[in-house]
Each structure stands twice: as structure tokens, then as C-alpha cells.
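Chain residues, written in single-letter form:
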Amino acid sequence: MKKINLTILFSALSLSVFATDEKAVAVMPSSPGLGLSQTNLLIVILLIFAFVLLFVSITLLNAFKVMYREQLNPTPYSAPEKLPVLDYGSWLKQKKNKPSVWEKLLSLKPIEQEKDLEIDHAYDGIKELNNPVPAWFNVLFFGTMIFAICYLFYYHIGGYGDLQDQEYANEMVKAQQDKVAFLEKSSNTIDENSVKFDNTQAVLEEGKGIFNTNCVVCHGDKGQGSIGPNLTDEFWLHGGGVNNVFKTIKYGVPDKGMISWEKTLSPKQISAVANFIMSLKDSKPEGAKAPQGDKYEEKDPQDNAMKSVDDSLSITDATKK
């Protein structure tokens with residue numbers, strides 16, 4: 001009876017401990033590294049252990065099978081065969097000499113054929129061997145000669161390929177095209193800080209058209225000024241230079257009636273108008289309005305000009321010289 005009571009008591013304690021363990025495992029947070037809870041990690045470890053145990057069991061089973069077969073049918077013992085002792089020459093004759101890859105590349109001959117390679121002269125007991133030139137060297141040597149003949153015919157005789165001067169010219173044309181494409185792509189990123197002085201004909205024509213459409217009413221058809229100030233002298237109300245002119249056009253001067261053109265014109269168009277206004281300097285049109293503002297002494301506009309491909313190349317060439 002005491003044994004039964006003790007058994008029931010131990011069973012109850014084990015069940016309570018198991019329930020406590022389950023509850024603790026359920027509350028345990030997941031591992032931050034693998035994203036698995038401790039229960040899942042324990043299951044993975046047990047599976048790995050089971051696979052290892054299965055592998056070891058199969059290996060031991062195969063070993064026991066071999067041992068069992070050997071006990072049933074033991075292999076008869078055979079005495080080792082005594083081979084005659086050969087000298088070096090006899091052993092060398094029986095050995096199968098296959099040339100290695102290194103010997104094939106260098107066209108090396110075995111030492112047994114050294115007598116056949118000797119040249120019929122000697123000096124102080126030293127003999128010279130007539131080793132053949134490696135095949136790869138001959139292929140490379142004659143290949144360079146064939147390449148030189150083909151190159152000469154393709155570039156100089158036939159004229160099918162471009163020489164260095166023509167390649168240079170082609171690269172310059174491509175660079176100019178890339179420059180135009182880049183400027184076209186980045187034209188809408190121009191602002192008052194990055195605008196450059198550009199007096200090329202295309203830019204001035206574009207700026208003149210925009211000026212005649214939008215600016216003539218206030219500044220006159222030649223920039224001489226009417227309602228607005230004169231744009232052809234050295235005096236400016238809001239700063240001269242292409243950067244300040246761009247800024248004035250972009251943001252306007254609401255206090256004096258000049259609207260902001262930021263939402264009407266693109267940055268490229270504002271840059272074209274600013275450069276056209278810069279080209280009107282010292283044009284001295286008839287009926288020009290009296291100077292207004294402060295005199296603006298600008299540095300050479302070319303210091304802030306856009307560099308063309310030819311300009312950059314000439315600077316580079318001059319540096320090299």
C-alpha cells in the first residue's frame with residue numbers, strides 16, 4: 001500500500017513539473033539570432049542527432065556484415081611473391097615513361113636520348129645539346145608575324161580601320177554629342193548658383209525670342225528701358241552679372257512690379273534670357289533710360305563661361321607641353 005501511495009505521489013509530482021516546464025517553454029521568447037523558440041531549436045537538435053545516430057548505425061551494420069562474411073568464408077593467406085632485385089638500368093627500362101605536361105610544353109627529351117641531342121663539338125669537356133625550340137614559342141612567334149601583316153594591310157594598305165588621328169577626331173565628335181546630350185538632360189537643374197555665361201548664337205537667339213515676347217513692354221525692344229530700368233549700361237538695381245540677372249528674373253521684384261518668372265519659364269529659358277541681357281551691355285541704344293542703381297564692376301564674364309570641348313582640350317594640351 002505504501003508503494004502504491006509513493007508511486008501516485010511521484011506521478012503527480014512529475015506531471016506538475018512537466019506542466020510547469022511546458023508553461024515556461026511557452027512563455028520563453030524566441031531567439032533573436034535564428035528566429036526560433038527554444039522548443040523549435042531543441043527539436044532541430046534532436047533531429048540532427050537522430051540523423052547522425054542513423055548514419056553511425058548503418059556504418060556499424062555494414063562493418064558487422066563484412067566481419068560476419070569473413071568469419072564464414074575466411075580469405076586464404078598467400079605468401080608475398082619474391083621479386084628479383086633489379087639494377088637501376090633494368091628498372092628504368094621496365095618503367096613506363098610518359099612525358100608530363102611540363103615536358104610537352106617545353107619540348108623536353110628524356111635523359112636516355114641525351115646522346116642523340118649532342119652537338120659534334122666540345123670545349124674543355126663540356127658538350128652542347130641541340131634542344132628543340134618549344135612548339136608554343138614557335139606558334140607565338142609566327143603568330144605575331146601574321147598579326148603584324150594583317151594589321152599593316154587592314155590599317156595602312158587597305159584603309160579599312162581608322163588611324164590614331166581619325167580616332168581622335170571621332171572621339172571629339174562623340175564628346176561634343178555627349179556634351180549636348182548632357183546639357184539637354186541637365187538643363188532643368190540650372191539655378192542662380194550654377195548658371196554659366198554662354199554667348200553662343202543658339203543661346204542668344206533663344207534668349208532674344210523670349211525677351212521680345214515677355215520683356216519688351218517694360219525694358220524696351222533693345223533693352224533701353226521704359227517702365228523698367230535700362231539693361232544696357234553698367235548700373236544695376238539688384239546686382240549685375242549672369243548670376244544676379246538670373247536670380248532677378250527667376251524670383252522677380254514684387255515690390256517694384258516685376259513678377260517672378262520661375263513658374264512661367266524653365267531654368268534653361270531663364271538662363272538664355274539672362275545671357276541675352278548680358279550681351280546687350282554697352283550696346284548704347286537710342287533713347288536709353290538714365291542709369292539707375294549702383295555701378296557693377298564685373299570680372300571678365302569668360303571666367304564664368306561654359307567651357308567647350310575644344311577649350312578643355314587646348315588647356316590639357318598646353319598643360320602637357
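If you're wondering where the values come from, they're calculated on a predicted model, not measured in any experiment.

What counts, and at which threshold
- Residues numbered from 1 in each chain as written.
- Predicted model: local features only at pLDDT ≥ 70, side-chain atom pairs only at ≥ 80, totals over all residues.
- Heavy atoms only, no water.
- Pairing = 2+ DSSP bridges.
- Helix = DSSP H or I, 4+ residues; strand = E, 2+ residues; numbered from the N terminus.
- Patch = residues over 30% accessible without salt bridge, like charges linked within 9 Å, V, L, I, M, F, W, Y side chains within 5 Å.
- Areas by Shrake-Rupley, 256 points an atom, 1.4 Å probe, with all protein chains shown as cover.
- Salt bridge = Lys/Arg side-chain N within 4 Å of Asp/Glu carboxyl O.
- Buried < 20%, exposed > 50% of the residue type's maximum accessible area, 1.4 Å probe, protein only.
- Axes fitted to C-alpha atoms, helices over the stretch in contact; angles between N-to-C directions.
- Parallel < 35°, antiparallel > 145°, perpendicular 65-115°, else oblique.
- Contact = heavy atoms within 4.5 Å.
- Nonpolar A, V, L, I, M, F, W, Y, C, P; charged D, E, K, R; others polar.
- Phe/Tyr/Trp six-rings, centres within 6.5 Å; stacked < 30°, edge-to-face > 60°.
- Polar contact = N/O pair within 3.5 Å; in protein donor to acceptor, adjacent residues only side chain to side chain.
- Left-handed = near helix turned anticlockwise from the far one by under 90°.

A. Region of interest: the pairing of strand S1 (residues 118-123). Pairing of S1 with strand S2 (residues 126-129) involves three bridges; the strand directions are antiparallel. The residue bridging alanine 122 from the neighbouring strand is lysine 127, located in S2.

B. Representation of a nonpolar patch on the surface in the model. Side chains of Leu36, Leu41, Val44, Ile45, Ile48, Val52, Phe55, Val56, Leu60, Phe64 and Met67 sit close together on the surface and give an oily, nonpolar patch of about 1,000 Å² of accessible area. Following the sequence through the fold, valine 52 ends up in helix H2 (residues 38-72). Classification of valine 52 by relative accessible area gives partly exposed; the value is 47%.

C. Examining the packing of helix H8 (residues 201-214) against helix H11 (residues 267-279) more closely. Their axes nearest at 7 Å, the elements H8 and H11 cross at an angle of 95 degrees. One finds that H8 runs roughly perpendicular with respect to H11. Contacts from Val203, Leu204, Glu206, Gly207, Lys208, Ile210 and Phe211 of H8 reach H11 at Lys268, Gln269, Ala272, Val273, Asn275, Phe276, Ile277 and Ser279. Classifying every residue of the contact of H8 with H11 by side-chain character gives eight nonpolar, four polar and three charged.

D. Focus on the packing of aromatic side chains. Scanning all chains against the criterion turns up eight aromatic pairs. Between phenylalanine 141 and phenylalanine 142, the aromatic rings sit 5.4 Å apart at their centres with planes inclined by 75 degrees, giving edge-to-face as the arrangement. Taken together, Phe147, Tyr151, Phe153, Tyr154, Tyr155 and Tyr160 form an aromatic cluster joined through their ring pairs.

E. The arrangement of the environment of valine 133 in detail. Positionally, valine 133 belongs in the loop between S2 and helix H6 (135-157). As for valine 133 and leucine 106, which are separated by 27 residues in sequence, their C-alpha atoms are 7.8 Å apart. If sequence neighbours within four positions are ignored, valine 133 has contacts with Ser107 and Asn138.

F. Representation of the side chain of asparagine 275 within the structure. Its place among the elements puts asparagine 275 in helix H11. Judged by its relative accessible area of 1%, asparagine 275 is buried. Side-chain polar atoms of asparagine 275 contact the backbone nitrogen of aspartate 198, separated by 2.6 Å. Those residues in contact with asparagine 275 that lie beyond four places of it in its chain are Lys196, Phe197, Asp198, Val203, Leu204 and Val242.

G. Expanded view of the pattern of salt bridges. One pass over the full model with this rule turns up four salt bridges. When the shortest N-O distance is used, the salt bridge between glutamate 118 and lysine 127 registers 3.6 Å. The partly exposed category is assigned to glutamate 118, whose relative accessible area is 23%. When the shortest N-O distance is used, the salt bridge between aspartate 178 and lysine 174 registers 3.2 Å. With aspartate 178 and lysine 174 both in helix H7 (residues 164-185) and four residues apart, this pair spans about one turn of that helix.

H. Structural detail: the environment of lysine 281. Following the sequence through the fold, lysine 281 ends up in the loop between H11 and strand S4 (294-295). Taking the C-alpha atoms as reference points, lysine 281 and leucine 231, separated by 50 residues in sequence, lie 7.2 Å from one another. With residues near it in sequence (within four places) discarded, lysine 281 still touches Thr232 and Glu234.

I. Representation of the packing of helix H10 (residues 241-251) against H11 within the structure. The geometry of H10 relative to H11 is characterised by a closest axis approach of 9 Å and an angle of 125 degrees between their N-to-C directions. Looking at the two axes, H10 sits oblique to H11. Remark: the crossing between H10 and H11 carries right-handed chirality. In this structure, H10 uses Gly241, Val242, Val245, Phe246, Ile249 and Lys250 to contact H11, whose residues at the interface are Pro267, Ile270, Ser271, Val273, Ala274, Asn275, Ile277 and Met278. Of the residues that constitute the contact of H10 with H11, the class distribution is ten nonpolar, three polar and one charged.

J. Seen up close, the side chain of glutamate 192. Among the secondary structure elements, glutamate 192 is positioned in the loop between H7 and H8. For glutamate 192, a relative accessible area of 16% puts it in the buried group. One polar contact links glutamate 192 to lysine 250, side chain to side chain, over a distance of 3.4 Å. Among residues more than four places away in sequence, those in contact with glutamate 192 are Asn243, Phe246, Lys247, Lys250 and Tyr251.

By themselves these figures say nothing about function.
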